[in-house]
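# An overview of the molecular structure
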Amino acid sequence: MIIPVLDIKDGIAVSGKSGNRDEYKPLKTVFNHSSDPLEISKSLKKVGASEIYIADLDAIEGRDSNRDLVRTINQILPVMLDCGAYDLDSVDEALQVSEKVIVATETLQALEDLEEIFSNVNRDRLILSIDVLNNKIHTKHLKLDFNILRQIVENLKPSQIIILDISSVGCEGGMNWHLLDYFAGLESSIIFGGGVTAEDISKLDGEGVDNVLVGTALHQGKIEPLF
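About the cut-offs
Residues numbered from 1 in each chain as written. Predicted model: local features only at pLDDT ≥ 70, side-chain atom pairs only at ≥ 80, totals over all residues. Heavy atoms only, no water. Core = buried A, V, L, I, M, F, W, Y, C linked by side-chain atoms within 4.5 Å. Buried < 20%, exposed > 50% of the residue type's maximum accessible area, 1.4 Å probe, protein only. 1 Å grid on protein atoms, 1.4 Å probe; cavity = no way out; pocket = protein on both sides within 12 Å on 5 of 7 lines; lining within 4 Å. Points joined across faces, edges and corners; volume = space filled by probe spheres on them. Helix = DSSP H or I, 4+ residues; strand = E, 2+ residues; numbered from the N terminus. Nonpolar A, V, L, I, M, F, W, Y, C, P; charged D, E, K, R; others polar. Contact = heavy atoms within 4.5 Å. Polar contact = N/O pair within 3.5 Å; in protein donor to acceptor, adjacent residues only side chain to side chain. Pairing = 2+ DSSP bridges. Right-handed = clockwise from strand over helix to strand, strands pointing away.

### Overview of the nonpolar core
The biggest cluster of nonpolar side chains holds 64 residues, and the ones touching the most others in it are I54, V91, F192 and V212. One finds I3, L57, M80 and I162 within the second-largest nonpolar core, a separate group that totals 18 residues.

### Structural notes on the layout of surface pockets
Over the atoms rolls a probe the size of a water molecule, and its path tells where empty space is left. Each pocket or cavity is described by its volume, and for the second largest pocket that value is around 180 Å³. What lines the second largest pocket is D56, A59, S65, R67, V70, L81, C83, S90, E93, A94 and V97. Among the elements of the structure, α3 (67-74) and α4 (88-94) are those that each provide at least two residues to the lining of the second largest pocket. Considering each element in turn, the lining of the second largest pocket owes the most residues, three residues, to α4. Grouping the amino acids of the lining of the second largest pocket by side-chain chemistry returns six nonpolar, two polar and three charged.

### With respect to unusual backbone geometry
Working note: non-glycine residues mostly have negative phi, and peptide bonds are mostly trans. One non-glycine residue, N135, adopts positive backbone phi at about 65 degrees. The exposure class assigned to N135 is partly exposed, which follows from its relative accessible area of 41%. Phi is positive for K157, close to 50 degrees, though the residue is something other than glycine. A relative accessible area of 43% places K157 in the partly exposed class.

### As for helix α1 (residues 37-46)
Every α-helix carries 3.6 residues per turn, so stepping three or four residues along brings you back to the same face. The set of residues buried in α1 consists of P37, L38, I40, S41, S43 and L44. The inward-facing, buried residues of α1 abut β1 (2-9), β2 (12-15), β4 (52-56), α3 and α8 (216-219). The distance from a side-chain oxygen at the start of α1 to the backbone nitrogen of L38 is 2.9 Å, and the residue carrying that oxygen is D36. In the stretch just after α1, G48 is the one whose phi turns positive, near 115 degrees.

### Some remarks on the pairing of strand β5 (residues 79-82)
Here β5 shows no split at all, with V79 and L81 on one side and M80 and D82 on the other all buried. Relative to β5, β4 runs parallel, the two being bridged by four bridges. Bridge pairing links I52 to V79 in β5. Of the pairings in the sheet, the one linking β5 to strand β6 (residues 100-104) comprises two bridges and is parallel in character. When the bridges of β6 are listed, M80 appears paired with K100. A crossover connection joins β5 to the parallel β6 through α4; in handedness this β-α-β unit is right-handed.

The values are spatial; any link to function lies outside them.
Shown next, in the form of structure tokens:
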């Protein structure tokens, strides 16, 4: 049910709020005394985690990457990786170091690329992330709204989609439940991220959410690690 989250920047695990990446600081977690992503991943596996969501912030921002570190973590826990992959080549490269790769609306450059990716890559290794900022689809390169994304998901039929409410990341203010209304009744398995609390998790039954991404509240020990 819970998929633990690690944001990595300059080789260490970091944390912050609302996607303000320049303000992220080294992660303090109940799972390890350090901010070493490798050690934290080992600890998460020991307490029952079966996979991990990693955001390679350097790669997403186009500065560098933590590719070798991700590859090592993937040998401990299967990684679903957000590294800013946006076309077939970058997806193929990401799949060399991770179990699954996330194609996010934030970094997607063309809808034709999305169609090419889903036509040529095993769908079980792809996750489409619908990034939301201030209740609007977050994208740097395209003009997208919820209706367009709904149609895209219906056509592509990805095995999994993430609904990521960036505005709520790290804020522990609760899930933005109405975002689920836009994607109700889809064949795709839904993963929700952003602001998830223990109370939210207790209400998930019957809401169409299969898994939740949890970072801050999990690392602070405010949510029981029910993996």
